[in-house]
Amino acid sequence: MKFDVNKIRQDFPELQREIYGKPLVYFDNGATTLKPQQVIERVKKYYTFDNANVHRGVHFLSQEATTEMENAREYVRKFLGAESTSEIIFTKGTTESINLVASSFGRRFIKRGDEILVSEMEHHANIVPWQLLCQQSGAVLKVIPVGDSGEIDLELYESLLSEKTKLVAFTQISNVLGTVNPVKEMSDLAHDYGARVLIDGAQGVAHDYVNVRELDCDFYVFSGHKIFAPMGIGVLYGKEKVLEEMPPYQSGGEMIDKVSFEETTFNDLPFKFEAGTPNVGGILGLETALRYWQSFDLKEVKKHEKDLLDYATEQLTAFPRVKIIGRAANKASVISFVIDGVHHYDAGTILDRLGVAVRTGHHCAQPLMQRFDIQGTVRASMTIYNTREEVDIFIKALERTIKMFS
Amino acid sequence: MTIEEKAAQVVEEFEMFGDWMDKYSYLIELGEENEPLPEELKIKQNLISGCQSQLWLVAEYRDGKVYFRADSDAIITKGIARVVLRVLNGESPDTILNCKMEFLDKIGLTQHLSPTRSNGLNAMIKQIKLYALVFKTKYEQNK
């Protein structure tokens, strides 16, 4: 489909909203994207006509819902380039996916003295589960440093790897800095030392090409709601042979094979990791969202986002009091900045009143804030439906904001 | 002046402003004029958690009245704190505990009051009431 931003905007009803009487400029896509009508309709259709529980019923609706859900799994498999649907586990989102790996993989494979590596630019969701695992197992958490530009130095990274390293977890794209990490190289290096690799795709999935087989990562995790799908649905991809060796995470219905009070045997992949009734509406919404996303030529999307990034960066650079945090050469359409003499909270409050939705604060990446010696930033994160005109509105609003604090 | 009179005065002041921009400019002005807390009081014990901005609050009990001082790294937060403290400062613990804070609603600040709101006004009010309760229990239980 030809990339036409005006046409795309018509797919997103929420863009029609006015905030305090001003047209909404939504630059908080790193937190969650707005939802296209197609996704809303899909979820509505499920709850209106197709609602039934999956996998257990013999009746028509249950079988239909099961088929639809498993078709969605197949679509996610194709989308990620995974080998088999056994490798696609539905979760609540990135956070649950990481917790599942930390808990299950951790219990089975992480022992005292082992090392787990995370980068300094990780979201708390990709730090705290590993920290807890280390506390429980006696393993050691090591940190891959981030340079002043917001990039990881691969040599420095490699110097931290050793045969003690059992797992390396890093983000594809930083939610704060916008840095696009060299995930393939990082994954390969980790494998050279025999470590497993988890890639946090929460931001990356909606900005970049993903193919887990090409990346050769052991785990890839993402949330649906950051790629136009409903909240509460996410994915854990894991290599089948690794998942096979991992014990169940949560237990209950669906994940079992046979249960008696003496012993329970577990269901096959991926159901072993999907205890309880799944979020079928969310899963179908996710499939529709991924289809929607894939209806665009990724090259065109990247060109559009790069244009927005460059345009906004250029204009922000013209403010003497503004300092952009994160100047990576390869960067997604995410810009964090601080304003000399204006607290990020104050800036966000005024920008909000001017109809511009940005995120302010530490962005759940406090270690990264400490790294740059700041309390927080203002973050503008843009996606397919944002425009240069919106960047203009944002810049004018920022001008007005800064004036109020001088 | 009674607490009601002080609250009415604040409401009247804010009514003069036609639009939100003037209101915020006024809050910013108040924030800028706020007497800063000495660094030795800007410590963890006085920090109110749950704020995107850092907000420090200290309280004193003198002659049956409570006196608060606040500071923040964000100016709007400081301004809001000043408005609240202008009404509550110098009141008895009981008066503070019974104050329903309706003036905040009238001046259009309640949007900052929801528990998830990141400026911590809600957390600050909770802390203020907690101080009032502590002073009441500590100094006034035999009254």
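Note that the structure is a prediction, hence the values are computed from the model and not measured.

## Examining the overall build of chain A
Piece 1. On a plain count of helices and strands, chain A comes out with 14 helices and 17 strands.
Piece 2. The C-alpha atoms of chain A give a radius of gyration of 22 Å, which matches the 22 Å a tight globule of 406 residues would have.
Piece 3. Taken along the three principal axes of its C-alpha coordinates, chain A extends 70 × 55 × 35 Å.
Piece 4. Within chain A, contacts between residues separated by at least 24 positions form 72% of all contacts whose residues are at least 6 apart in sequence.

## A look at the overall build of chain B
Piece 1. Per the secondary structure count, chain B includes 6 helices and 3 strands.
Piece 2. In chain B, the succession of α and β elements from N to C terminus is α-α-β-β-β-α-α-α-α.
Piece 3. The globule rule puts the C-alpha radius of gyration for 143 residues at 15 Å, and the 15 Å found for chain B is close to it.
Piece 4. Structurally, chain B occupies a C-alpha span of about 50 × 35 × 25 Å along its principal axes.
Piece 5. Taken over 143 residues, chain B has a buried fraction of 30%.
Piece 6. Sequence separation of at least 24 residues holds for 65% of the intrachain contacts in chain B that already meet a minimum separation of 6.

## Some points on the domain arrangement of chain A
By a widespread convention, an interface's size corresponds to the accessible area lost as its parts come together.
Residues and elements named next belong to chain A.
Piece 1. In terms of domains, chain A is made up of domain 1 (5-30 + 297-404) and domain 2 (41-294).
Piece 2. Here the C-alpha centre of domain 2 lies 28 Å away from the C-alpha centre of domain 1.
Piece 3. Taken together, the contacts link 23 residues of domain 1 with 22 residues of domain 2.
Piece 4. Listed by contribution, the elements that provide at least two residues to the side of domain 1 that touches domain 2 are α11 (298-317), β14 (334-339), α13 (366-371) and β17 (377-381).
Piece 5. Classifying every residue of the side of domain 1 that touches domain 2 gives 10 nonpolar, 8 polar and 5 charged.

## Some words on the nonpolar core
Where a protein is soluble and globular, its nonpolar side chains tend to be buried together.
Piece 1. Core analysis: the biggest nonpolar cluster contains 143 residues, and Ile199(A), Phe219(A), Tyr220(A), Val235(A) and Tyr237(A) have the highest contact counts within it.
Piece 2. The leading source of residues in this core is helix α3 (residues 75-88) of chain B, at 8 residues.
Piece 3. Both domains that meet at this core, namely domain 1 (5-30 + 297-404) and domain 2 (41-294) of chain A, each give it at least three residues.
Piece 4. Every residue in contact with Val235(A), bar those within four places of it in the chain, is listed here: Val76(A), Ile88(A), Ile89(A), Phe90(A), Thr91(A), Ser97(A), Val221(A) and Phe222(A).

## Some remarks on the interface of chain B and chain A
Piece 1. Counting residues at the interface gives 13 residues for chain B, matched by 12 residues for chain A.
Piece 2. At the level of elements, α2 (20-33) and α3 of chain B are the ones that each hand at least two residues to the side of chain B that touches chain A.
Piece 3. Residue composition of the side of chain B that touches chain A, by class: 6 nonpolar, 6 polar and 1 charged.

## Considering the sheet that holds strand β16 (residues 359-361) of chain A
All names here are of chain A.
Piece 1. Strand order in the open sheet formed by 4 strands is β13-β14-β17-β16, with antiparallel pairing between adjacent strands. Two strands lie at the open edges of the sheet, namely β13 (322-325) and β16, each paired on one side alone. The average undirected angle you get between the axes of adjacent strands in this sheet is 30 degrees.
Piece 2. Where β13 lies against β14, 4 bridges are found, and the strand directions are antiparallel. Across the sheet, residue Val322 finds its bridge partner in β14, namely Ile339.

## Quick word on the packing of helix α12 (residues 344-353) of chain A against helix α14 (residues 388-404) of chain A
Residue and element names in this part refer to chain A.
Piece 1. Where α12 meets α14, the closest approach of the two axes is 9 Å, and the angle between their N-to-C directions is 130 degrees. Viewed along their axes, α12 and α14 adopt a mutual orientation that is oblique. Note on packing geometry: the crossing formed by α12 with α14 is right-handed. Judged by residue contacts, Ala347, Ile350 and Leu351 of α12 engage Ala397, Leu398, Thr401 and Met404 from α14.
Piece 2. Its residues assigned to classes, the contact of α12 with α14 comprises 6 nonpolar, 1 polar and no charged.

## Quick look at the environment of Met121(A)
Residues and elements named next belong to chain A.
Piece 1. One can find Met121 in the loop between β5 (115-119) and α5 (128-137).
Piece 2. Residues Met121 and Lys7, spaced 114 residues apart in sequence, show a C-alpha to C-alpha distance of 35 Å.
Piece 3. Leave out the neighbours within four places in its chain, and Met121 touches Val146, Thr171, Ser174, Val176, Leu177, Thr179, Ala365 and Leu368.

## Here's the deal with α14(A)
Residue and element names in this part refer to chain A.
Piece 1. Look at α14: 25 Å from first C-alpha to last across 17 residues, which is about the 24 Å you get at 1.5 Å a residue.
Piece 2. Considered for burial, the residues of α14 that qualify are Glu390, Val391, Phe394, Ala397, Leu398 and Thr401. Buried residues along α14 cover an arc of 125 degrees about the axis, so they all sit on one side. Along α14, exposed side chains directed more than 90 degrees from the buried face belong to Glu389, Glu399 and Lys403.
Piece 3. Along its buried surface, α14 packs onto β3 (25-26), α11, α12, β15 (356-357) and β17.

## Examining the sheet that holds strand β1 (residues 47-48) of chain B
All names here are of chain B.
Piece 1. The strand order across the open sheet formed by 3 strands is β1-β2-β3, and the pairing between neighbours is antiparallel. The open sheet has two edge strands, β1 and β3 (65-72), and neither has a second partner.
Piece 2. Docked against the sheet, α3 engages β2 (55-62) and β3, running at close to 175 degrees with respect to β3.

## Topic: α2(B)
Residue and element names in this part refer to chain B.
Piece 1. Taking 1.5 Å per residue as the helical rise, α2 with its 14 residues ought to reach 20 Å, and the 20 Å between its terminal C-alpha atoms agrees with that figure.
Piece 2. Turning to α2, its buried residues are Tyr24, Leu27 and Gly31. Down the axis of α2, the buried side of the element spans an arc of 55 degrees, and every buried residue falls inside it. In α2, the exposed residues that point more than 90 degrees away from the buried face are Asp22, Glu32 and Glu33.

## Details of unusual backbone geometry
Piece 1. Across the junction of Leu269(A) and Pro270(A), the peptide omega takes the value -5 degrees, indicating a cis bond.
Piece 2. Examined against the element boundaries, Pro270(A) turns out to sit in the loop between β12 (264-266) and α10 (280-294).
Piece 3. Even without a glycine there, the phi angle at Asp63(B) is positive, about 50 degrees.
Piece 4. Relative to the assigned elements, Asp63(B) resides in the loop between β2 and β3.

The rules behind the values
- Residues numbered from 1 in each chain as written.
- Chains lettered and ligands numbered in written order.
- Predicted model: local features only at pLDDT ≥ 70, side-chain atom pairs only at ≥ 80, totals over all residues.
- Helix = DSSP H or I, 4+ residues; strand = E, 2+ residues; numbered from the N terminus.
- Rg over C-alpha atoms; globule rule 2.2 N^0.38 Å.
- Contact = placed C-beta atoms within 7 Å.
- Buried ≥ 20, exposed ≤ 12 C-beta atoms within 10 Å, placed from the backbone.
- Domains from an automatic or database assignment.
- Nonpolar A, V, L, I, M, F, W, Y, C, P; charged D, E, K, R; others polar.
- Core = buried A, V, L, I, M, F, W, Y, C linked by C-beta atoms within 7 Å.
- Pairing = 2+ DSSP bridges.
- Axes fitted to C-alpha atoms, helices over the stretch in contact; angles between N-to-C directions.
- Parallel < 35°, antiparallel > 145°, perpendicular 65-115°, else oblique.
- Left-handed = near helix turned anticlockwise from the far one by under 90°.
- Expected span 1.5 Å × (residues − 1).
- Arc of directions from axis to C-beta.

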